[in-house]
Amino acid sequence: MRLKKMASAELLYVLASMTRPTHEVNAAELARIHRTQGFSKIAVHYVIERDGSVHTGRASDEPGCLAPGSNHRALQVCLIGGLSEALVPADTFTPQQRSALRALEKSLQLPVVFDRACICLQEFT
């Protein structure tokens, strides 16, 4: 199935991978997980790993898959983390991830919207 190309992004939609701090997940592993969930490739445009490295996923003109109601108009960023060791949603994001997200927001110049499950970065809201 071919998806309609995204004309231009209107916002930056931030979500979490919902993984524990001790669960080592990187962009390649996230892409593998998304394929096992039925996606043809990674479902987001950017992945920010715990060390702050930013990895490109989908092309910017391809709609993402994880922003309900906004896939056609949002570039999607997945921050690795988001759960405590007890599997409870938590702000487990590193200072490096916060800095990388700020830099991405500045370079793309798009308003940031957080997924409701992403307990995250209050200074952006």
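Residues numbered from 1 in each chain as written. Predicted model: local features only at pLDDT ≥ 70, side-chain atom pairs only at ≥ 80, totals over all residues. Heavy atoms only, no water.

**A few points about unusual backbone geometry**
Trans is the prevailing form of peptide bonds, just as negative phi is the prevailing case for residues other than glycine.
Then, number 1: Within the chain, Met 18 stands out as a residue other than glycine whose phi angle is a positive 55°.
Then, number 2: Structurally, the position occupied by Met 18 is in the loop between β1 (11–16) and α1 (27–36).
Then, number 3: Residue classification places Met 18 among the partly exposed residues on the basis of a relative accessible area of 28%.
Then, number 4: Located in the positive-phi region is Leu 87, a residue other than glycine, with phi close to 65°.
Then, number 5: Along the chain, the position of Leu 87 falls in the loop between β4 (74–79) and α2 (95–108).
Then, number 6: A residue is classified by how much of its surface remains accessible, and Leu 87, at 53% relative accessible area, is exposed. (Helix = DSSP H or I, 4+ residues; strand = E, 2+ residues; numbered from the N terminus. Buried < 20%, exposed > 50% of the residue type's maximum accessible area, 1.4 Å probe, protein only.)

**Here's the deal with the pattern of salt bridges**
Then, number 1: Per the counting criterion, the structure on display carries six salt bridges.
Then, number 2: Taking the shortest distance from any N to any O, the salt bridge between Glu 62 and Lys 41 comes out at 2.9 Å. Here Glu 62, found in the loop between β3 (54–56) and β4, pairs with Lys 41, found in the loop between α1 and β2 (46–48); they are 21 residues apart in sequence, far enough to count as distant.
Then, number 3: Residue class for Lys 41 comes out partly exposed when judged on its relative accessible area of 32%.
Then, number 4: Here Asp 91 ties to Arg 98 by a salt bridge, and the two come within 2.8 Å at their closest N and O atoms.
Then, number 5: Judged by relative accessible area, which is 37%, Asp 91 ranks as partly exposed.
Then, number 6: What makes Arg 98 buried here is its relative accessible area of 18%. (Salt bridge = Lys/Arg side-chain N within 4 Å of Asp/Glu carboxyl O.)

Keep in mind these values describe shape, not function.
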